[in-house]
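Single-letter residue listing:
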Amino acid sequence: MGPVLGWTAARGRIEWPGVALFAILFVWQFPHFMSIAWLYRDDYARAGIRMLPVVQPDGWSTVVEAVFYAVLMIPVSLAPWWLGMTAHSTRFRQPRWVWFTSHTRSASRASCAQRPKTKAACWRATCSR
């Protein structure tokens, strides 16, 4: 929750970049935690802690869960780029999360259709409403 709380405190509202950072941390913890639980399964068993590798010692459920979240991490880790939060993504276009949080795409297209301008001028005209 740290990224969402920090982003919300700084910006005054919940926005997609904060949610994307939260999603990265959330999805990352499962393969990380499952690998640690597998490495220390004997210690967990001796301590009586019922971890997944202790409850199902064959390891298949642990592997399936770790691989599922590791594969899910690929699109989740691309979310900051898609939202325009990285240096490479903002160089050529405006951040996408701004469109989601403050404007609809149809309103910005209508504004630009009335007055044909460059993309930057269109952006300024849309945001100044």
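The structure displayed is predicted, hence computed values, not measured ones. (Residues numbered from 1 in each chain as written. Predicted model: local features only at pLDDT ≥ 70, side-chain atom pairs only at ≥ 80, totals over all residues. Heavy atoms only, no water.)

**Student:** So what's going on with helix H5 (residues 60–82)? Which residues, and what values?
**Tutor:** Compared with the 33 Å implied by 1.5 Å per residue over 23 residues, the 34 Å span of H5 between its first and last C-alpha is a close match. The largest bend in H5 amounts to roughly 30 degrees and is located at Met 73, with the proline Pro 75 lying one to four residues further along. Thr 62, Ala 66, Tyr 69, Met 73, Val 76 and Pro 80 are the residues of H5 that are buried. With its phi angle positive at about 85 degrees, Gly 84 sits one or two positions after the end of H5. (Helix = DSSP H or I, 4+ residues; strand = E, 2+ residues; numbered from the N terminus. Expected span 1.5 Å × (residues − 1). Bend = angle between axes of the 7 residues up to and from the residue. Buried < 20%, exposed > 50% of the residue type's maximum accessible area, 1.4 Å probe, protein only.)

**Student:** Break down the packing of helix H1 (residues 2–11) against helix H2 (residues 16–39) for me, with residues and values.
**Tutor:** Each pair of packed helices can be summarised by the angle the axes make with each other and by the distance between the axes. Interhelical geometry of H1 versus H2 gives an angle of 165 degrees and a closest axis separation of 7 Å. Between H1 and H2, the crossing angle belongs to the class labelled roughly antiparallel. The handedness of the crossing between H1 and H2 comes out as right-handed. The segment H1 lies against H2, with Pro 3, Val 4 and Trp 7 engaging Pro 17, Gly 18, Val 19, Leu 21, Phe 22 and Leu 25. Its residues assigned to classes, the contact of H1 with H2 shows eight nonpolar, one polar and no charged. (Axes fitted to C-alpha atoms, helices over the stretch in contact; angles between N-to-C directions. Parallel < 35°, antiparallel > 145°, perpendicular 65-115°, else oblique. Left-handed = near helix turned anticlockwise from the far one by under 90°. Contact = heavy atoms within 4.5 Å. Nonpolar A, V, L, I, M, F, W, Y, C, P; charged D, E, K, R; others polar.)

**Student:** Could you give an account of H2, naming the residues involved and the relevant values?
**Tutor:** Between its first and last C-alpha, H2 extends 35 Å over 24 residues, near the 34 Å set by a 1.5 Å rise per residue. Of all the bends in H2, the largest measures some 25 degrees and sits at Gln 29, one to four residues before the proline Pro 31. Those residues of H2 not exposed but buried are Pro 17, Gly 18, Ala 20, Val 27, Phe 30, Pro 31, Met 34 and Ala 37.

**Student:** Pulling in residues and values, what's your account of the pattern of salt bridges?
**Tutor:** All told, the structure shown has three salt bridges when counted by the stated rule. Three or more residues joined by partner-sharing salt bridges are found here, namely Arg 11, Arg 13 and Glu 15. (Salt bridge = Lys/Arg side-chain N within 4 Å of Asp/Glu carboxyl O.)

**Student:** Can you break down the nonpolar core residue by residue, with the values?
**Tutor:** Listed in full, the five residues of the largest apolar core are Val 27, Phe 30, Tyr 69, Met 73 and Val 76. Secondary-structure elements contributing two or more residues to this core are H2 and H5. Among the elements that take part in this core, H5 stands out by supplying three residues, more than any other. The residues touching Val 76, leaving out its near neighbours within four places in the chain, are Ala 23, Ile 24 and Val 27. (Core = buried A, V, L, I, M, F, W, Y, C linked by side-chain atoms within 4.5 Å.)

**Student:** How would you summarise a nonpolar patch on the surface if you had to cite specific residues and measurements?
**Tutor:** Together, Trp 60, Val 63, Val 67, Val 71, Ile 74 and Leu 78 give the surface a local cluster of nonpolar side chains, amounting to about 610 Å² of exposed area. By the element assignment, Leu 78 lies in helix H5. (Patch = residues over 30% accessible without salt bridge, like charges linked within 9 Å, V, L, I, M, F, W, Y side chains within 5 Å. Areas by Shrake-Rupley, 256 points an atom, 1.4 Å probe, with all protein chains shown as cover.)

**Student:** So what's going on with the packing of aromatic side chains? Which residues, and what values?
**Tutor:** Summed over the entire model, instances satisfying the criterion amount to four aromatic pairs. Ring geometry for Phe 68 and Tyr 69: centres 5.1 Å apart, planes at 80 degrees, overall edge-to-face. Taken together, Phe 22, Phe 26, Phe 30, Phe 68 and Tyr 69 form an aromatic cluster joined through their ring pairs. Positioned over the ring face of Trp 38 is Arg 41, at 3.8 Å from the centre of the ring. (Phe/Tyr/Trp six-rings, centres within 6.5 Å; stacked < 30°, edge-to-face > 60°. Lys NZ or Arg CZ within 6 Å of the ring centre and 35° of its normal.)

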